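# Structural features, examined
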Amino acid sequence: DKDEPVSVVSLFWERREGQGVDESVAQFRKFCTRVSHQRKGYGTLLLERLVADARAGGAKSLWCNARVEQAGYYRKLGLSDVPGRAFEKDGQRYVIMEMPLRRPTAREK
């Protein structure tokens, strides 16, 4: 058990182009922490590192599909609900949440 992962997450990069915008955004998926290790800060540390890596990689924003019952956790970490972007899949309710990672340049405004 001591060689087993405690918390995992995947980070995906995408480019958004159009209307004079060419930017990178990052999405995280498959974030989970073993139940026996939850509420000890491991997941939060992992997500803080993920935010730093996405920012260092030049992503303009970071987003995820959050289960509605977990949205409060992500809000504490600085993500916000994207209005009108809730959905349901396989009986589970989700909300898309996003965090800006850098300020837009004068050209991007």
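In case you missed it, the structure is sitting above this.
What comes next is a walk through the structure. (Residues numbered from 1 in each chain as written. Predicted model: local features only at pLDDT ≥ 70, side-chain atom pairs only at ≥ 80, totals over all residues. Heavy atoms only, no water.)

## Focus on the nonpolar core
Defined as follows: Residues enter a nonpolar core if they are buried and are Ala, Val, Leu, Ile, Met, Phe, Trp, Tyr or Cys, with the set joined through side-chain atoms within 4.5 Å. Using a 1.4 Å probe on the protein chains alone, a residue whose accessible area is under 20% of its type maximum counts as buried, one over 50% counts as exposed, and one in between counts as partly exposed. To qualify as a helix, a DSSP run of H or I must reach at least 4 residues; to qualify as a strand, a run of E must reach at least 2; elements of each kind are numbered from the N terminus. By definition, residues are in contact when any of their heavy atoms lie within 4.5 Å.
Within the largest apolar cluster, 17 residues are counted, with the highest numbers of intra-cluster contacts made by Phe-28, Leu-62, Tyr-74, Leu-79, Met-97 and Leu-101. Secondary-structure elements contributing two or more residues to this core are β2 (21-33), α1 (42-56), β3 (61-67), α2 (71-76) and β5 (92-100). At 4 residues, α1 tops the list of elements feeding residues into this core. When near neighbours in sequence (up to four residues on either side) are disregarded, Leu-79 contacts Phe-28, Leu-62, Cys-64, Tyr-74, Met-97, Glu-98 and Met-99.

## Re the side chain of Ser-61
The test is simple: Nitrogen and oxygen atoms within 3.5 Å of one another constitute a polar contact, given that in protein one can donate a hydrogen and the other can accept it, and given that sequence-neighbouring residues count only through two side-chain atoms.
Checked against the element boundaries, Ser-61 lands in strand β3. On the basis of relative accessibility, which here comes to 6%, the residue Ser-61 falls in the buried class. Here Glu-98 takes part through its side chain, which lies 2.9 Å from a polar atom of the side chain of Ser-61. What Ser-61 contacts, discounting residues up to four positions off in sequence, is Ser-24, Val-25, Ala-26, Glu-98, Met-99, Pro-100 and Leu-101.

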